[in-house]
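What follows is each chain in one-letter form.
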Amino acid sequence: HDHGCPDSPGENQVGCGGCPEDKPDEEFYDGRLANWTIQTLRAVKRDQLEGEKKPFFIAAGFRRPHTPWNVAQRFVDMYPAATTEPPKHPAWAQGAPECAFVCGGDGVGCDFGVHKQRPTEWSNLCRRTYYACVSATDHYIGTVLAELARLEMKKNTVVALFGDHGWHLGEGGLWAKYTNMEHATRVPLMIRAPWLTEGQTEQ
């Protein structure tokens, strides 16, 4: 269970400030998930050493940067507020139909629109917390991959990393995911199969 922000129940109640906390990784959802995945990899390794020949599959669903943005304070500290870049294209696209503009949901509120952008201070806060959540997830995934290498399982294990949607972060004046525009539909997809060389496909 992901408790999210303990002082503001419900993911639509906390806003883009999220709830950074100074506590151990294992008290965050994604930190616990990383530890569970590592323990599962160790169990797989033990099985292999005892003669197990069947392949294994592990799905680890890291939650951040999905809202609510509950993240370790040290990741927020990586992004000083004064250095957070504003959206590159903060205005609604000229000539785009207004019916395609969405707001609300996921804690972002609805006090903005086609003709009213969010204040710079609020924009910086939202982007800073989102970046912190991405860095936290990057860290947790890194701990899992490091364990895979330590267990000497890296060379014969496929690793796939993918997401389900993007996030506007102020681009086009939007602050969520509920569009069919590129910022919302673009997703990461990375696959590592170490026995395949660059440019070679499996036969």
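Everything in this summary refers to the structure shown in the same document. (Residues numbered from 1 in each chain as written. Predicted model: local features only at pLDDT ≥ 70, side-chain atom pairs only at ≥ 80, totals over all residues. Heavy atoms only, no water.)

**Focus: the overall build of the protein chain**
(1) Moving on: For the protein chain, the helix and strand inventory stands at four helices and two strands.
(2) Moving on: Each helix and strand of the protein chain, placed in order from N terminus to C terminus, yields the pattern α-α-α-β-α-β.
(3) Moving on: Taking the principal axes of its C-alpha atoms as reference, the protein chain extends roughly 65 × 45 × 30 Å.
(4) Moving on: Of all 203 residues assigned to the protein chain, the portion counted as buried reaches 36%.
(5) Moving on: Pairs at least 24 residues apart make up 73% of the contacts formed inside the protein chain by residues separated by at least 6 positions. (Helix = DSSP H or I, 4+ residues; strand = E, 2+ residues; numbered from the N terminus. Buried < 20%, exposed > 50% of the residue type's maximum accessible area, 1.4 Å probe, protein only. Contact = heavy atoms within 4.5 Å.)

**Looking at the nonpolar core**
The tendency in soluble globular proteins is for nonpolar side chains to be buried side by side.
(1) Moving on: Formed by 30 residues in total, the largest nonpolar core has its most connected members in W69, V71, F75 and W167.
(2) Moving on: Elements represented by at least two residues in this core include exactly α1 (29–49), α2 (73–76) and α3 (120–150).
(3) Moving on: The element that contributes the greatest number of residues to this core is α3, accounting for eight residues.
(4) Moving on: Excluding anything up to four places from it in sequence, V71 contacts C19, P20, E21, F28, V76, A132, C133 and A136. (Core = buried A, V, L, I, M, F, W, Y, C linked by side-chain atoms within 4.5 Å.)

**Observations concerning the side chain of R118**
(1) Moving on: In this structure, R118 sits in the loop between α2 and α3.
(2) Moving on: Its relative accessible area of 9% is what places R118 among the buried residues.
(3) Moving on: Not counting the four nearest positions on each side in its chain, R118 is found in contact with V108, G109, C110, D111, F112 and W175.

**Topic: α1**
(1) Moving on: Taking 1.5 Å of rise per residue, 21 residues should cover 30 Å, and α1 covers 30 Å from first to last C-alpha, within 8% of that figure.
(2) Moving on: By the burial criterion, the buried members of α1 are D30, G31, L33, A34, T37, I38, L41, V44 and K45. The buried residues of α1 occupy an angular sector of 160° when the element is viewed end-on, so they sit on one face. (Expected span 1.5 Å × (residues − 1). Arc of directions from axis to C-beta.)

**Side note on the packing of aromatic side chains**
(1) Moving on: Applying the stated criterion to the full structure yields eight aromatic pairs.
(2) Moving on: Note on W69 and W167: the rings are 5.8 Å apart at their centroids and 65° apart in plane angle, and the pair reads as edge-to-face. Taken together, the residues W69 in the loop between α1 and α2 and W167 in the loop between β1 (159–162) and α4 (182–185) connect sequence positions 98 residues apart.
(3) Moving on: Using a relative accessible area of 8% as the deciding quantity, one classes W167 as buried.
(4) Moving on: Connected via pairs of aromatic rings, a cluster forms that spans W69, Y130 and W167.
(5) Moving on: Sitting over the face of the ring of F28, K23 holds its NZ or CZ atom 4.7 Å from the ring centroid.
(6) Moving on: The lysine or arginine in question, R118, covers the ring of W122, its NZ or CZ lying 3.6 Å from the ring centre. (Phe/Tyr/Trp six-rings, centres within 6.5 Å; stacked < 30°, edge-to-face > 60°. Lys NZ or Arg CZ within 6 Å of the ring centre and 35° of its normal.)

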